[in-house]
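# An overview of the molecular structure
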Amino acid sequence: MRKKIIFQFILGALGLLVILPSLSSAKTVEEILADINKLPPAERNKQLEAGAKKEGVLKFASNENIELITLYHNAFAAKYPFLKVESWRASGAKGVERVVMEHRAGKLDTDVVAVPFEIVGYVKKQGVWGRYLSPELNHYSDQFKDRDGYWATNHYNIAVIGYNTNLVKTGEAPKDYPDLLNPKWKGEISIDVEPDRAVQGWLIAWGEERTREYMKALMHNGATVRRGHTLQTQLLCSGELKVAVEVYAYRVAQLRHEKNCPLGMSFPNPTPGSTGSEIGVNKNAPHPHAAALFVDFVLGTEGSKILAGTGRIPARRGVKGLYEEVSNLEEKGVNLLMIPVEQAGRLDPLAKKLIEEILIRRQF
Amino acid sequence: MRKESFFFLIIVALVAYLTLVPLAMLLYGSFKSTPPGVAGPLTLAHYAELFKGWEMAISFKNSLIFSFWSSLLAFLGGVYLAWMTERTNMASKRLVYACIVVPLIVPGILTTVGWIMLFGRRTGIINLLARNVFGIEQPIDIYNMPGMIWVFGSDHIALSFLLLVAAFRSMDPALEEAAIVAGAGIIRTTRNITLRILLPATLAVWIINFVRAIENFEVPALIGIPAGILVFATEVYLATHKVPTDFGQASTFATVYLILTAVGVSIYLKATAASERFTTITGKGYRPAAFDLGGWKYLLSLLTLLVCFVIFILPVLTVIWSSFLPFYMAPSLEALQSLTLDNYKSLYSLPLIKRAFWNSFILGISSSTIVMILTAVAAWIVVRTRWRGKGLLDFLAFSPIAVPGLVLGMAMIWTYLTLPIPIYGTIWILLIAYTIKYLPYGMRASSFSMHQIHKELEEASETCGSSWSTTFFRIVLPLLLPGFVAGWIYVITHSFRELSTSILLYRSGTEVLSVVIFELWDAGRYPELSALGMTLVAVLITISGLAKWVGGRFAVQTV
């Protein structure tokens, strides 16, 4: 008899455990934000702000550099003084893995997470982001936003061949990647240890075999492998390096304008480009209203202008880049190859393999 | 159970908790087929992978070559400087001490950057001198194995010196004097008497340098990768820099580290087994005699100072110089006109700098104090008692040396995300991580000083009726103080540089300086990195100076 009572009690308790969660009316982050999006713009903003005020906190992590994170942080905190803003840099693989580990443990308390283009697929697959369709997305073309509504980006990055104009005359500068195989550059070429954009661009344009052969030929021509795109641009500027295979166009323009560096850049055919840092709302964000406000801010005019102020190339329609020479490139006849985010995720393992084999392990 | 045994057990339990958790995670991870937090079967595949290709054998060989020669360079340099300053009548010893402080405090990443700038193909001072003064056309390249050995080895001479100098200073010179009286020359006496007496100390210094070289990341990353020379540390980097990270492979590498270290520790323990033979501080008063260098005195002093300047000061001067430039340039009129404070201004406009300084300061002071107190007690148990668990305690306290920072960071994340101890995301998790990481260094500093103190002083105290705690705090600790302070300075300076674990554990509000340094390095902002590095050096010099002053006031005065 006693056993029967205990059994019934356990059964009842188990039943309650199953039923209770479904009785609770707690909405998911995706549902909260989808409901708010149904409201007219003015009402929507009012509700978002009211919700954020109650939440009081916004936490975001991004792979952008610390300077840009600080600019976003300060401007957002100034716009919404009722929010306590916390930010940290999720740099490289370590930052992303940490986010994913916290997510798996159900303890990711960062509301908004931004990651580099080649990792977007992995983060999306891990279910870190929830769906959020910011109204600001209307100002972006399709390549800058996820068709399922998980992420978006407010800028893009172009990889060019850089050179020092004191050491290399403009007429003699390498114009395209095959030019770098000319013996006159032997020992004078520098390539980044993580040339993701260039390698992915080659893979798309040339296929695996030609890319592999090209990378080997580059190394046979005495290319040196260095870490850091900005560093290489500075070394070009100081005259330590003559030519670099992959530097960022905006950095070259920036150093030329701000520090009078003797720098030149060639737009190879095709010129590889990628979307910038991809931003999304944590599926289980503790502060969903604040998270939505922040994503709107970054994708909006204010965020885009802050970004453009650092020299980066904005993706939002109507926001101008700081440097003319790296803006509207397609209109200037540059064959721009923007690597689609989905394709970048698929190509990433192969690109990393080639980089490791040829540039790092020197198997050529 | 005796009160002492109970106390010993608590110490063992504490050290075991701190060290076994990451070790267990490490071993478990090396057999796991899936990343942390994802269920999956156990596998031997990562170990099989390790022995699959030649790649690993090459990295293994490179690691051994790099570690052997660079630790030898560091060791020989340290022995030479310690001997010159402590056991000879060389002139300007204070200048040598002043030079030595610099590499102890400047983060390795900055020294490495300094050397890279000095050896720059077109803008490096060394190559400019070689070309313009000596007419050497082919630039001297730093991107090769000798370059790696030079940068790491020369940077670690100071550590060897710091660890050896106390032993040289406090050595009972009776045997040396006897040898001299018996007609042996300076070199023979040094080789046959001095170095033999100091065998455990010197061996431990060599082992520490060897292990540090094995786990060093900056030099293999900044010089090794461009040179196409891969070592074990680069393999860990390659396993962990891609997404999804290969945690299993990284843990397997770390396990191999552990085995290598265990071999090193066993050699060390054998060498120190008969520690009584090497006791150098006894109850007797003595005054170590200095060898007279005779006619060589000034020439050797000048050469020593010149070497110190080139090795310790020149790379740092290069970094200071670049901290005032918009981008690195060799000294010239044009460069002088470009001098600017912009790097310092832009750096200190970042609000997190102040917070990072404060956090690093608090963490540095707390972790170094906790580590040194814990290891002083642990070293006493290991060296002095016949307690059965002492071997285990010694191994446990030394074991974290084999766990790469990154793996420790991952283990800490997973442990404290899982355990119901609410420290994840707080500064406490960093404090625990730092304590674990620096236990081995504290342990070595404490046990080496402990080996040199003869039991007779404690026995005298006990004979007078003092309790264990009175003896420990009144006799042992003051005698240990010079070693304790040296260890403390070592831990605090290194805690300011700790990166691989901090980068995984910091959060908004708990940023530390090394993370900011890394961010600047990662972004290629070397001028700002140099500016931050110089500020850090100034802070650490102040802290170390204060610590030495405090240590000097309370230590037992030498006769």
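Cut-offs applied
Residues numbered from 1 in each chain as written. Chains lettered and ligands numbered in written order. Predicted model: local features only at pLDDT ≥ 70, side-chain atom pairs only at ≥ 80, totals over all residues. Heavy atoms only, no water. Domains from an automatic or database assignment. Contact = heavy atoms within 4.5 Å. Buried area = accessible area lost by both parts, 1.4 Å probe. Salt bridge = Lys/Arg side-chain N within 4 Å of Asp/Glu carboxyl O. Polar contact = N/O pair within 3.5 Å; in protein donor to acceptor, adjacent residues only side chain to side chain. Core = buried A, V, L, I, M, F, W, Y, C linked by side-chain atoms within 4.5 Å. Buried < 20%, exposed > 50% of the residue type's maximum accessible area, 1.4 Å probe, protein only. Helix = DSSP H or I, 4+ residues; strand = E, 2+ residues; numbered from the N terminus. Disulfide = S-S within 2.5 Å.

### Details of the domain arrangement of chain B
All names here are of chain B. Looking at chain B, the domain boundaries give domain 1 (1–30 + 341–559) and domain 2 (43–278 + 286–340). Measuring from the centre of the C-alpha atoms in domain 1 to the corresponding centre in domain 2 gives 22 Å. The interface of domain 1 with domain 2 comprises 46 residues on the first partner and 57 residues on the second. Of the roughly 4,400 Å² buried between domain 1 and domain 2 on both sides combined, carbon and sulfur atoms contribute 70%. In terms of surface lost to domain 2, no three residues of domain 1 exceed Ser30, Phe448 and Arg497, which account for 14% of the buried area on that side. At the junction of domain 1 and domain 2, the tally comes to 0 salt bridges. Here domain 1 and domain 2 share 7 residue pairs in polar contact (both at pLDDT 80 or more) between them.

### Thoughts on the nonpolar core
Residues Leu58(A), Tyr72(A), Phe76(A), Phe294(A), Phe312(B) and Leu532(B) are the most contacted members of the largest nonpolar core, which totals 260 residues. At 16 residues, helix H18 (residues 352–384) of chain B tops the list of elements feeding residues into this core. Those residues in contact with Phe312(B) that sit more than four places away from it in its chain are Leu81(B), Cys99(B), Ile100(B), Val102(B), Pro103(B), Ser154(B), Ile157(B) and Ala158(B). By size, the runner-up hydrophobic cluster in this structure holds 34 residues, among which are Ile161(A), Val168(A), Leu354(A) and Ile360(A).

### Remarks on unusual backbone geometry
All names here are of chain A. Asn269 connects to Pro270 through a cis peptide bond whose omega is -5 degrees. Relative to the helices and strands, Pro270 is located in the loop between strand S9 (263–266) and strand S10 (271–275). We note that Arg362 has phi near 55 degrees; this positive angle belongs to a residue other than glycine. Along the chain, Arg362 falls in the segment after helix H13 (341–360).

### Description of the domain arrangement of chain A
All names here are of chain A. When the domains of chain A are assigned, the result is domain 1 (27–153 + 276–314) and domain 2 (156–274 + 333–360). Measuring from the centre of the C-alpha atoms in domain 1 to the corresponding centre in domain 2 gives 31 Å. The partner domain 2 presents 16 residues to the 16 residues of domain 1 that form the contact. Carbon and sulfur atoms supply 60% of the area buried between domain 1 and domain 2, which totals about 1,400 Å² over both sides. Summed over the three residues of domain 1 that lose the most area to domain 2, namely Phe117, Glu118 and Ile313, the buried surface amounts to 48% of that side. Summed over the shared surface of domain 1 and domain 2, the number is 0 salt bridges.

### Notes on the state of the cysteines
A complete count under the given rule lists 1 disulfide over all chains for this structure. Between the sulfur of Cys237(A) and that of Cys261(A) lies a disulfide, 2.0 Å long from S to S. Handedness here is read from the sign of the S-S torsion; for Cys237(A) and Cys261(A), about -75 degrees, the answer is left-handed. Of the two residues, Cys237(A) sits in helix H9 (residues 229–238) while Cys261(A) sits in the loop between helix H10 (249–259) and S9, which places them 24 residues apart along the sequence. One exposure class covers both Cys237(A) and Cys261(A), and it is buried. Residue Cys99(B) stays outside any disulfide, its sulfur separated by 4.9 Å from that of Cys308(B), the closest cysteine. Assessed through its relative accessible area of 0%, Cys308(B) is described here as buried.

### Regarding the side chain of Thr252(B)
Assignment of secondary structure puts Thr252(B) in helix H14 (residues 247–271). Thr252(B) has contacts with Ser30(B), His46(B), Tyr47(B) and Leu50(B), leaving out every residue within four places of it along the chain.

### Side note on the pattern of salt bridges
All names here are of chain A. Summed over all chains, the structure comprises 27 salt bridges over all chains. A salt bridge links Arg212 to Glu209; the nearest nitrogen and oxygen atoms lie 3.8 Å apart. Remark: Glu209 and Arg212 occur in helix H8 (residues 208–220); sequence separation between them is 3 residues, near one turn of the helix. A salt bridge links Glu325 to Arg256, with the shortest nitrogen-to-oxygen separation between them at 3.2 Å. Of this pair, Glu325 sits in the loop between strand S12 (313–314) and strand S13 (336–339) while Arg256 sits in helix H10, and the two are 69 residues apart along the sequence. Taking relative accessible area as the criterion, Glu325 reaches 22% and is therefore assigned partly exposed. Here Arg256 falls in the partly exposed class, since its relative accessible area comes to 27%. When salt bridges with common partners are traced through the structure, they connect Glu208, Glu209, Arg212, Lys353 and Glu357 into a single cluster.

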